[in-house]
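Architecture at a glance
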Amino acid sequence: MYALIGALLIVVVGLAGYMVYQQSQEPSLEIKLDSNGLQVNGNG
């Protein structure tokens, strides 16, 4: 029983980590306009 719960926990943690990794690899663009002026940041 404990082995089954442990295996499921490992699968869930691994899947969550993979999803976070995939989200970080997507190109993103951030544009800020404030008192310092216009700032454009991106990873793609």
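Source: prediction; values computed, not measured.

So, about the overall build of the chain. Secondary structure assignment for the chain yields one helix and two strands. Shown N-terminal to C-terminal, the secondary structure of the chain runs as helices and strands in the order α-β-β. Principal-axis analysis of the C-alpha atoms gives the chain an extent of 60 × 20 × 5 Å. Per-residue burial over the chain gives 0% buried out of 44 residues. For the chain, the computed accessible surface area is about 4,200 Å², with 66% contributed by carbon and sulfur atoms.

In this model, the chain carries an average pLDDT of 89, and 98% of its residues clear a pLDDT of 70 or more. The lowest-confidence element of the chain is strand 2 (residues 37-42), averaging 86 in pLDDT; the highest-confidence one is helix 1 (residues 2-25), averaging 94.

What follows deals with the pairing of strand 1 (residues 29-34). The element strand 1 is barely covered by neighbouring structure, given that only zero of its six residues are classed as buried. Bridging between strand 1 and strand 2 involves six bridges; their strand directions are antiparallel. Its bridge partner being in strand 2, Ile31 is matched across the sheet by Val40. Counting the residues between successive antiparallel strands, the hairpin from strand 1 to strand 2 contains two residues.

Cut-offs applied
Residues numbered from 1 in each chain as written. Predicted model: local features only at pLDDT ≥ 70, side-chain atom pairs only at ≥ 80, totals over all residues. Heavy atoms only, no water. Helix = DSSP H or I, 4+ residues; strand = E, 2+ residues; numbered from the N terminus. Buried < 20%, exposed > 50% of the residue type's maximum accessible area, 1.4 Å probe, protein only. Areas by Shrake-Rupley, 256 points an atom, 1.4 Å probe, with all protein chains shown as cover. pLDDT = per-residue confidence, 0-100. Pairing = 2+ DSSP bridges.

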